[in-house]
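# Observations on the three-dimensional arrangement
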Amino acid sequence: MKYLEEFSNPELAGKLLDRIHAAATRRWAIMEVCGGQTHSIIRHGIDQLLPDEIEMIHGPGCPVCVTPLEIIDRALAIAAQPEVIFCSFGDMLRVPGSSRDLFRIKSAGGDVRVVYSPLDALRIARENPDRQVVFFGIGFETTAPANAMTVYQAKRLGIKNFSLLVSHVLVPPAISAIMESPACRVQAFLAAGHVCSVMGTTEYPTLAERYRVPIVVTGFEPLDILEGIRRTVLQLESGRHEVENAYARAVTTEGNPAAQAMLLDVFERTDRVWRGIGMIPGSGWRLSSRYADFDAENRFDVRGIRTEESTLCRSGEVLQGLIKPHECAAFGKECTPRNPLGATMVSSEGACAAYYLYRRLELTPAASHG
Amino acid sequence: MAEHARTPVDTPAPVDTPAPVDTPAPVDTPAPVDFDGWTCPVPLRDSPTIVMGHGGGGAMSGELIEHLFLPAFGDAAAAELGDSAVLPTPGGRLAFSTDSFVVKPMFFPGGNIGDLAVNGTVNDLAMSGARPLYLSTAFILEEGTALAEINRIATTIGHAAAAAGVRLVTGDTKVVDSGHGDGVFINTAGIGVIDDGVDIRPQRATPGDVVMISGPIGVHGVAIMSCREGLEFGTCIETDSAPLNGLVQAMIATGADIHVLRDPTRGGVAASLNEIAKAAAVGIDLVERDLPIPEIVANACSLLGLDPLQVANEGKLIAIVAERDAEQVLAAMQAHEYGKEAAVIGRCGPAHPGMVVARTALGGNRVVDLPIGEQLPRIC
Amino acid sequence: MCLAVPGRIIRLYEADDTVMSDVDFGGVVKQVCLQYIPDAVVGDYVIVHVGFALQKLDEESALATLANFERLGIIEEEFGDGFALAAKQAGVPMSDLNGASR
């Protein structure tokens, strides 16, 4: 794919790595916010190739991992209802609720369908006027415009059998929450490139200033990640804490005004409980009152659900970068991608799954490798 | 199967075509269904769809066999059809395999469920080094399925069997209530013969062996995904479904020490290599740069967030060969129609037994894990 | 999050008063909503996430970035990163040089 492959060029990656090795003189802990960046780092083996001085702390930028348990349980309750066609991104299918997941609901006869885009769910609603179609609207700011447009269309076109179960989370409040945590070790951030494609970079200078951390807007291909790290290390080494855009081909300072206007209309800020982290004030979006009719939480009576997290699961500490996945006692034993206890083991860029899938080699005691 | 001798097929009168299936035109052009001579009651005879009576074993079933299946199967079908196929005992060891095919959609770019039903079992037999000889075909048909669709599938089965050089010797048809099947389910079972001296099984993978693939990966899975609801995308990629028994025999004929053969179907190369690594307790090291991945497969996977190593193949095989014979086997593969783009993709080794590890293009490494369940597109 | 890939717009059309398009991702064509990129035209590259174009891809910027990477070793040693390189070679932490501490 043009403008994608070029950013995986191994020779250029080598040059960037050389620059990083040359620049780093002491230990630095950098958090990449976005789960897609975590996936890329581990899948290409970038963390193995960085100098020992650089520690990448995997952030909570995996909307799958941080979707509140209460919302998952509500989704499961809705999906289990016979008149419902429950549509979702593939990522959510295996995320464990208190006792089940969407995949098991599907096996038990629930009509659960994986779609690529929320517009597919709207089409399904039009094709099935006698069923209730619910779309699971999770994601960060990147996905919010798509979900917003979909419910906006539903309202405009009067597609009454469609509703949205919303659980959007926002990056800047998460950065604040991480930096305010007493055990925080993060010294710099790679900001999420595609979130900034939508929102621009204007929310970040305040954070960089308040917490004295470099924030470098970074893409997802290997060269993008390495360039983001390179610029971050240069800032750290020279004592700067500024916002830089290392993903200029897809990010402008002001972001996408048309998308932002839609977001203002469709969503309003709310407090959100991040699974494994806890409540972060003003860190989420819910449907605004203008769209209350299309809110699945209003349409379906799913109150009074008791949620129960696994007592063994330490995904919260993993999400905040306080422990590494293999330091959890359940890692690889009670908790595996096939039987995940928490969301970080389900999503392919949840830190635990990433470690399990890609890093078991080093973690296996008897391994010897070249 | 009820006793019926084959009768010559009259020049068929064309039948009203049901609503066209929204896919590219099939490779095999089936003869229209010949309703002349059907004895079932007129309203049913003129019904272009399957009804419960077609599975009842009586006159209607017989006509379905005689007027649809047998003509469609063509030369590949055995001339005599008794209750069971009576076959000569071949020399050597017997290989026996069965597989059921439930793919949705049934018609996809480049083929249909009929191709998979024949090639799937032919290839399972071939992967143990057997020469496939005979297949059975059992159908479970949903009431209401269009006869024209079944005709297309059956015609494809006939062509695929002829191409693979196997005989269709027995079979069965049952009908289920509508809503209980999804159109057509097919089971095929196959018998083959393994010549003396051939010993091909996963346990034989040994450190030092060379791992090869017969051609580009991920093709079938992407072709299927391109027409699956909720994921549709436009592409010109077609399934790679193919019979690999000829390729396997060409490889065996070199006299090389072939240890393992495996066709990486569901779960892709990742699943097959993991199974082999565990069975043989060896480690397998892949080199990502050496994996032949067509650009369109790579792009579709990038779009949906999938790993090409986990995407299904229906016309490819993995060969694990003793090091000293690897070059010879590779040459034999490349000389064959279905192995032209064969490539070395890795090696077996003593490190990390039971695990498959890939060296990334950047020079790091990552574990290639066994896929869990169906591959799902992701947004993250 | 945010699996988004660049593709080229090959066709524009309207559906339900919404600007839609066919976008080509290297041979894979998908329907994409262009409502958020009002000035997009056929031939433009856009970044697409779950069926929506979120930004135009700035082709000039992309090529400039790649060119920068190509020149990286040369530029740094000639100009910018000299301090960092010297410090590392001397085994002196950068923070000591700048007087700033972390």
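Conventions used here
Residues numbered from 1 in each chain as written. Chains lettered and ligands numbered in written order. Predicted model: local features only at pLDDT ≥ 70, side-chain atom pairs only at ≥ 80, totals over all residues. Domains from an automatic or database assignment. Contact = placed C-beta atoms within 7 Å. Helix = DSSP H or I, 4+ residues; strand = E, 2+ residues; numbered from the N terminus. Nonpolar A, V, L, I, M, F, W, Y, C, P; charged D, E, K, R; others polar. Pairing = 2+ DSSP bridges. Axes fitted to C-alpha atoms, helices over the stretch in contact; angles between N-to-C directions. Buried ≥ 20, exposed ≤ 12 C-beta atoms within 10 Å, placed from the backbone. Parallel < 35°, antiparallel > 145°, perpendicular 65-115°, else oblique. Left-handed = near helix turned anticlockwise from the far one by under 90°.

### Here's the deal with the domain arrangement of chain B
Residues and elements named next belong to chain B. Domains assigned within chain B are domain 1 (43-194) and domain 2 (202-367). Between domain 1 and domain 2, the C-alpha centre-to-centre distance is 28 Å. With 17 residues of domain 1 in contact, the opposing surface of domain 2 contributes 21 residues. Of all the secondary-structure elements, those providing two or more residues to the side of domain 1 that touches domain 2 are α3 (113-126), β4 (130-142) and α4 (147-164). Tallying contributions element by element places α3 first for the side of domain 1 that touches domain 2, with six residues. In terms of residue class, the side of domain 1 that touches domain 2 is made up of ten nonpolar, five polar and two charged.

### Describing the interface of chain C and chain A
Counting residues at the interface gives 44 residues for chain C and 50 residues for chain A. Of all the secondary structure elements, the ones that give two or more residues to the side of chain C that touches chain A are β1 (5-15), β2 (18-25), β4 (45-49), β5 (52-56), α1 (59-78), α2 (82-90) and α3 (94-98) of chain C. Element by element, the count of residues in the side of chain C that touches chain A is highest for α1 of chain C, at nine residues. A per-class count over the side of chain C that touches chain A returns 26 nonpolar, eleven polar and seven charged.

### Brief notes about the interface of chain B and chain A
Accessible area lost during the coming together of the parts is what is often quoted as the interface size. Taken together, the contact pairs 24 residues of chain B with 42 residues of chain A. Residue assignment for the side of chain B that touches chain A shows that the elements contributing at least two residues are α8 (295-304) and β13 (365-367) of chain B. A class-by-class count of the residues in the side of chain B that touches chain A yields 13 nonpolar, eight polar and three charged.

### What about the sheet that holds β13 of chain B?
Residue and element names in this part refer to chain B. Taken together, the seven strands give an open sheet; going across it, the order is β8-β10-β7-β11-β9-β12-β13, and neighbouring strands pair in mixed fashion. Bordering the open sheet on either side are β8 (258-262) and β13, each of which pairs with just one other strand. When strand polarity is set aside, the average angle formed by the axes of neighbouring strands in this sheet is 25 degrees. Across four bridges, strand β7 (residues 210-213) lies against strand β10 (residues 318-321) in antiparallel orientation. Note that in β10 the partner of Met212 across the bridge is Ala319.

### Some thoughts on helix α2 (residues 35-44) of chain A
Residue and element names in this part refer to chain A. With nine of ten residues buried, α2 is to be regarded as a mostly interior element. Along α2, the residues classified as buried are Gly35, Gly36, Gln37, Thr38, His39, Ser40, Ile41, Ile42 and His44. The first or second residue beyond α2 is Gly45, which carries a positive phi of 80 degrees.

### Considerations on the packing of helix α2 (residues 59-73) of chain B against α4 of chain B
Residue and element names in this part refer to chain B. At a minimum axis separation of 7 Å, α2 and α4 run at an interaxial angle of 30 degrees. Taken together, α2 and α4 sit at an angle that is classed as roughly parallel. As for the relative orientation of α2 and α4, their crossing is right-handed in sense. Contact residues: Leu68, Phe69, Ala72 and Phe73 in α2; Leu147, Ile150, Asn151, Ala154, Thr155, Ile157 and Gly158 in α4. Here the contact of α2 with α4 is composed, by residue class, of eight nonpolar, three polar and no charged.

### Brief notes about the packing of helix α1 (residues 10-23) of chain A against helix α12 (residues 222-237) of chain A
The packing of two helices is summarised by the inter-axis angle and the distance between the axes. All names here are of chain A. The contact between α1 and α12 brings their axes to 9 Å, and the two run at 15 degrees. Classified by the angle between their axes, α1 and α12 sit roughly parallel to one another. The handedness of the crossing between α1 and α12 comes out as left-handed. The residues of α12 that touch α1, namely those facing Leu12, Ala13, Leu16, Leu17, Arg19, Ile20 and Ala23, are Pro222, Leu223, Leu226, Glu227, Ile229, Arg230, Val233, Leu234 and Glu237.

### Quick notes on the pairing of β10 of chain B
Residues and elements named next belong to chain B. Where burial is concerned, the two faces of β10 agree: the one with Ile318 and Ile320 and the one with Ala319 and Val321 are both buried. Two strands pair when backbone bridges link them, and β8 and β10 are joined in this way by four bridges, in the antiparallel orientation. Note on β10: the bridge partner recorded for Leu261 is Ala319.

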